[in-house]
Amino acid sequence: MSNPADTQSSAPAAPASAVEQRLAELGITLPEVAAPVASYVPAVVSGSHVYTSGQLPFINGKLEATGKVSAGTEGFADEPTVSPEDAQKYAAVCAVNALAAVKSVIGDLDRITRIVKVVGFVSSDPSFTGQPAVVNGASELLGRVLGDAGQHARSAVGVAVLPLDSPVEVELIAEFS
């Protein structure tokens with residue numbers, strides 16, 4: 001299982017902002033914006049807010065895991081499953097990818113004044129109820145990177161399936177100046 005630090009490019013460069021410096025201190029380099037998998041854009045600006053599209057846990061352009069999140073006691077043996085702990089790490093990757101989408105439209109992550117809302121979708125085995133703990137991966141990363149500005153309202157939703165059979169997807173709304 002890769003971690004968010006594996007989202008870095010091959011040539012390390014000096015971080016461009018204080019937010020990117022905090023990411024670097026965590027061993028994470030902001031990736032290029034993930035290419036949309038359908039007909040949409042990664043992020044849009046409306047007034048002083050950025051709305052990201054749902055971000056999947058792509059690492060170096062590849063979805064590292066597929067399947068439903070399962071605590072291991074449910075599901076069918078022939079279905080791929082992802083542990084809640086791994087799914088939490090993938091939620092953090094989604095948050096990093098969302099920050100890349102935000103940067104693509106506002107230019108500098110230091111302009112973020114608040115993460116207003118995070119919505120996390122967890123592809124869940126029908127009996128899995130640990131969605132909030134999975135989405136904590138995204139919330140905790142945003143708090144570590146943005147401090148008080150990373151505290152946000154949130155929804156964590158269990159769903160039957162996500163695009164490309166991803167185990168998790170995260171979108172966010174960021175306010176900026």
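Residues numbered from 1 in each chain as written. Predicted model: local features only at pLDDT ≥ 70, side-chain atom pairs only at ≥ 80, totals over all residues. Heavy atoms only, no water.

## Points about the overall build of the chain
Item 1. When helices and strands are counted, the chain shows three helices and nine strands.
Item 2. Reading the helices (α) and strands (β) of the chain from amino to carboxyl end gives α-β-β-β-β-β-β-α-β-α-β-β.
Item 3. Sorting the 177 residues of the chain into buried and exposed places 45% on the buried side.
Item 4. Restricting the contact set of the chain to residue pairs at least 6 apart, pairs at least 24 apart contribute 78%. (Helix = DSSP H or I, 4+ residues; strand = E, 2+ residues; numbered from the N terminus. Buried < 20%, exposed > 50% of the residue type's maximum accessible area, 1.4 Å probe, protein only. Contact = heavy atoms within 4.5 Å.)

## Observations concerning the side chain of N97
Item 1. Here N97 is to be found in helix α2 (residues 84-106).
Item 2. Of the polar contacts made by the side chain of N97, one reaches the backbone oxygen of F58; its length is 3.2 Å.
Item 3. Ignoring anything within four residues of it in the chain, the contact list for N97 reads P31, Q55, L56, P57 and F58. (Polar contact = N/O pair within 3.5 Å; in protein donor to acceptor, adjacent residues only side chain to side chain.)

## Side note on the nonpolar core
Item 1. Formed by 41 residues in total, the largest nonpolar core has its most connected members in V102, I112, I115, L142, L146, V168 and L172.
Item 2. For this core, the secondary structure elements donating two or more residues are α1 (18-25), α2, β7 (112-123), α3 (131-146) and β9 (168-176).
Item 3. It is α2 that contributes the most residues to this core, 13 residues altogether. (Core = buried A, V, L, I, M, F, W, Y, C linked by side-chain atoms within 4.5 Å.)

## Some details on the packing of α1 against α3
Item 1. Where α1 meets α3, the closest approach of the two axes is 8 Å, and the angle between their N-to-C directions is 120°. Comparing the axis directions of α1 and α3 gives the class oblique. Across the interface between the two elements, V19, R22 and L23 from α1 touch R144, V145 and L146 from α3.
Item 2. Taken together, the residues of the contact of α1 with α3 break down into four nonpolar, no polar and two charged. (Axes fitted to C-alpha atoms, helices over the stretch in contact; angles between N-to-C directions. Parallel < 35°, antiparallel > 145°, perpendicular 65-115°, else oblique. Nonpolar A, V, L, I, M, F, W, Y, C, P; charged D, E, K, R; others polar.)

## So, α1
Item 1. Buried residues of α1: V19, E20 and L23, and no others. End-on view of α1: buried residues confined to an arc of 95°, all on one side of the axis.
Item 2. On its buried face, α1 sits against α2 and α3.
Item 3. Positive backbone phi, approximately 80°, marks G27, located one or two places after α1. (Arc of directions from axis to C-beta.)

## A few points about a nonpolar patch on the surface
Item 1. Side chains of V37, Y40 and L164 sit close together on the surface and give an oily, nonpolar patch of about 260 Å² of accessible area.
Item 2. Among the secondary structure elements, V37 is positioned in the loop between α1 and β1 (43-46).
Item 3. Judged by relative accessible area, V37 falls into the partly exposed class, the value being 43%. (Patch = residues over 30% accessible without salt bridge, like charges linked within 9 Å, V, L, I, M, F, W, Y side chains within 5 Å. Areas by Shrake-Rupley, 256 points an atom, 1.4 Å probe, with all protein chains shown as cover. Salt bridge = Lys/Arg side-chain N within 4 Å of Asp/Glu carboxyl O.)

## Things to note about the pairing of strand β8 (residues 153-159)
Item 1. Where β7 meets β8, seven bridges bridge the pair, whose relative direction is parallel. Bridge pairing in β8 links G120 to A156.
Item 2. In terms of handedness, the path from β7 via α3 over to β8 forms a crossover that is right-handed. (Pairing = 2+ DSSP bridges. Right-handed = clockwise from strand over helix to strand, strands pointing away.)

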